[in-house]
Amino acid sequence: NLETVTLSPLTQQIRSGAFADCTALRRVELPDSLRFLQYNQGFYKCHIDLVLVYEGREYLARNRNGVYPQVVRRRE
């Protein structure tokens, strides 16, 4: 029944299966500290309209051209 998650500002990684099968999950607020995001499997089978919030911007999780490149840029 988890619908919204705000991750700790100390979170640096989201790995495979972190939120898998959280079908009610609709919003995840990612911290600026995030350096690694296992995109496909980290949110596997979540709500189709899941929104990831990163650095104040909202990205649809199903849009692979959204938040993932932003996280990768921060890591480099």
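Read on for an overview of the structure. None of these values were measured; they are calculated from a predicted model.

Examining the pattern of salt bridges
Then, number 1: Counted according to the given criterion, the structure contains two salt bridges.
Then, number 2: With a shortest N-O distance of 3.4 Å, Glu29 and Arg27 are connected by a salt bridge.
Then, number 3: In this structure, Glu58 engages Arg27 in a salt bridge whose closest nitrogen and oxygen atoms are separated by 3.0 Å. Taken together, the residues Glu58 in strand β6 (residues 57-60) and Arg27 in strand β3 (residues 27-30) connect sequence positions 31 residues apart.
Then, number 4: Looking at Arg27, the relative accessible area reads 27%, which means it is partly exposed.

Points about the state of the cysteines
Then, number 1: For the structure on display, the rule yields zero disulfides.
Then, number 2: No disulfide involves Cys22; its sulfur sits 5.3 Å from that of Cys46, the nearest cysteine.

Describing the sheet that holds strand β1 (residues 4-6)
Then, number 1: The four strands lie next to each other as β1-β3-β5-β6, forming an open sheet whose pairing is mixed. Among the strands making up the open sheet, the edge pair consists of β1 and β6. Shown here is a sheet whose adjacent strand axes are inclined to one another by a mean of 20 degrees, direction ignored.
Then, number 2: Examined bridge by bridge, β3 and strand β5 (residues 51-54) share four bridges and lie parallel to one another. Opposite Leu30, over in β5, you have Tyr54 as the bridge partner.

Regarding unusual backbone geometry
Then, number 1: Of note in this structure, Asp21 is not a glycine but carries a positive phi near 65 degrees.
Then, number 2: Examined against the element boundaries, Asp21 turns out to sit in the loop between β2 (13-14) and β3.
Then, number 3: In this structure, Lys45 is a non-glycine residue whose phi angle is positive, near 65 degrees.
Then, number 4: As for its position among the elements, Lys45 is in the loop between α1 (39-42) and β5.
Then, number 5: Judged by its relative accessible area of 49%, Lys45 is partly exposed.

Rules used in this analysis
- Residues numbered from 1 in each chain as written.
- Predicted model: local features only at pLDDT ≥ 70, side-chain atom pairs only at ≥ 80, totals over all residues.
- Heavy atoms only, no water.
- Salt bridge = Lys/Arg side-chain N within 4 Å of Asp/Glu carboxyl O.
- Helix = DSSP H or I, 4+ residues; strand = E, 2+ residues; numbered from the N terminus.
- Buried < 20%, exposed > 50% of the residue type's maximum accessible area, 1.4 Å probe, protein only.
- Disulfide = S-S within 2.5 Å.
- Pairing = 2+ DSSP bridges.
- Axes fitted to C-alpha atoms, helices over the stretch in contact; angles between N-to-C directions.

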